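What follows is each chain in one-letter form.
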Amino acid sequence: MSIDFQTLSVTAGLHEDQFGAVIPPIYATSTYRQHGPGEHSGYEYSRSQNPTREALERGIAELEGGSRGYAFGSGLAAIATVLDLLPAGSHIVAIDDLYGGSVRLFDRVRSHSANLAITYVPSDDPAALEAAIGPDTRMLWVETPSNPLNKLADLALLAKISARHQLIAVADNTFASPVIQQPLSHGFDIVVHSATKYLNGHSDVIAGVAVVSKQRPDLVEKLAFLHNATGAILDPFSSFLVLRGIRTLALRVEQHSRNALEIARWLERHPRVKSVRYPGLPSHPQHSLAQRQMNGFGGIVSFYLDGDASQVKQVLSRSRLFTLAESLGGVESLVCVPEAMTHASVPAERRQALGISDNLIRLSVGIESAAALIADLDHALAADR
């Protein structure tokens, strides 16, 4: 029987509990009784197996249409473990607009600890991306929409390029969530999320997940080994919370997207806003791709204030509903300045080249009423009129 996504988000990860629990319980145990030395019922140590974490891992695999999921202690832990699939000295081609933590991990950690080399290319230039692939290239890494500029990557086209060169194609699907798009269905091999964000949705957990395609059984066992061997696993209580968040994922993302589109349209007309970056606007340079590839446009709106850093601070100080904080994807609305916050670890010259300037503001639009959020923004943007 075919199940729609809204229904699947409610049922994903459910299993037959021995006591008939409707909600998978929290198995807060570090170890399990064995019948004899090396004789156990499939559970021996909670780094390796835990029923609560496994319920979440089954659930996210179902939502992304993958073979197997893995839950990690953070989104960066998921990314770091996926990178461990590569032999030392490998080359990665990545899109140029990525979460600052990913760039820091690539350039300042794995480039030294594993001698990984990374070439960054624009997501909207497939020819440049293919030209960057060399004999040592082993992985393609994309975010779409990207953080913080909401750039898009053509998933189907890039998956074909990756397959042609026998690369591992990885998509960070944090901004979109599986409600809006499922990269594995476009031919990608692995999808990762900061589950802290939309999957959990309540700003009370740090978590990450990775899901492997049904077409890559070779990667399933490799990532399972690394997940256990490196120990970057998610604890049972956090697994329970993320699984709880998934139950309302479809409803929340629908409201996030509805609010964000209304706010983006309003901002585009505002005299103090230079430009807006949101895939749902016809002014977005990849709007047609967004219409074709995405089921909704997400809850992140980035815009450039017509002013300097001091005026940005004035605007932020007057907002009451948009809390100044890092992260995104919670039910509450947040605002940040990527240049000084989420992307502060990216070298200044690179930030400027990408357009991550001190007048760029990123909104994580929550599920409050759009009218209340617009009224708050109107008050904030009136700061020095």
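Fair warning: this is a prediction, and the values are worked out from it, not measured in the lab. (Residues numbered from 1 in each chain as written. Predicted model: local features only at pLDDT ≥ 70, side-chain atom pairs only at ≥ 80, totals over all residues. Heavy atoms only, no water.)

Undergrad: What's the story with the nonpolar core in this structure? I'm lost.
TA: Side chains that are nonpolar tend, in soluble globular proteins, to be buried together. Within the largest apolar cluster, 64 residues are counted, with the highest numbers of intra-cluster contacts made by Ile263, Leu267, Val276, Tyr278, Val301 and Leu363. The biggest single contributor to this core is helix H10 (residues 249-269), with 9 residues. Beyond its immediate sequence surroundings of up to four residues, Leu363 is in contact with Ile263, Leu267, Gly299, Ile300, Val301, Phe303, Phe322, Leu334, Val335 and Leu377. (Core = buried A, V, L, I, M, F, W, Y, C linked by side-chain atoms within 4.5 Å. Buried < 20%, exposed > 50% of the residue type's maximum accessible area, 1.4 Å probe, protein only. Helix = DSSP H or I, 4+ residues; strand = E, 2+ residues; numbered from the N terminus. Contact = heavy atoms within 4.5 Å.)

Undergrad: Any chance you could explain empty space enclosed by the protein here in plain terms?
TA: Any empty space left between the atoms is revealed when a probe the size of a water molecule rolls over them. Applying the stated criterion to the full structure yields 1 cavity of 30 Å³ or more. Contributing to the lining of the largest cavity are Phe303, Val315, Leu316, Ser319, Phe322, Val335, Ile361, Leu363, Leu377, Ala380 and Leu381. A total of 3 residues in the lining of the largest cavity trace back to one element, the largest contributor, which is helix H14 (residues 370-381). (1 Å grid on protein atoms, 1.4 Å probe; cavity = no way out; pocket = protein on both sides within 12 Å on 5 of 7 lines; lining within 4 Å. Points joined across faces, edges and corners; volume = space filled by probe spheres on them.)

Undergrad: Just checking my understanding: could you explain helix H2 (residues 51-64) for this structure?
TA: Given 3.6 residues per helical turn, the α-helix brings residues three or four places apart onto the same face. Look at H2: 20 Å from first C-alpha to last across 14 residues, which is about the 20 Å you get at 1.5 Å a residue. Across the 14 residues of H2, 12 count as buried, placing the element largely inside the fold. Listing the buried residues of H2 in full gives Pro51, Thr52, Arg53, Glu54, Ala55, Leu56, Glu57, Gly59, Ile60, Ala61, Leu63 and Glu64. Between the side-chain oxygen of the N-cap and the backbone nitrogen of Thr52 there are 2.9 Å, and the N-cap of H2 in question is Asn50. Directly beyond the C-terminal end of H2, a positive phi value near 70° is found at Gly65. (Expected span 1.5 Å × (residues − 1). Polar contact = N/O pair within 3.5 Å; in protein donor to acceptor, adjacent residues only side chain to side chain.)

Undergrad: Sorry, what's going on with the pattern of salt bridges here?
TA: A pair can form between side chains of opposite charge whenever their charged atoms are brought close. Scanning the entire structure with this criterion turns up 11 salt bridges. Residue Arg292 pairs with Asp154 through a salt bridge whose shortest N-O separation is 3.3 Å. Here Arg292 is found in helix H11 (residues 287-293), whereas its partner Asp154 is found in the loop between strand S4 (137-143) and helix H6 (155-164), with 138 residues between them in sequence. Residue classification places Arg292 among the exposed residues on the basis of a relative accessible area of 58%. A salt bridge links Asp204 to Arg244, with the nearest nitrogen and oxygen atoms 3.5 Å apart. Of the two residues, Asp204 is situated in the loop between strand S6 (190-194) and strand S7 (208-212) and Arg244 in helix H9 (residues 236-246); the sequence distance between them amounts to 40 residues. The exposure class assigned to Asp204 is partly exposed, which follows from its relative accessible area of 41%. Salt bridges here are not isolated pairs; linked through shared partners, they connect Asp189, Arg216 and Asp218. (Salt bridge = Lys/Arg side-chain N within 4 Å of Asp/Glu carboxyl O.)

By themselves, these are just geometric observations and shouldn't be taken as functional.
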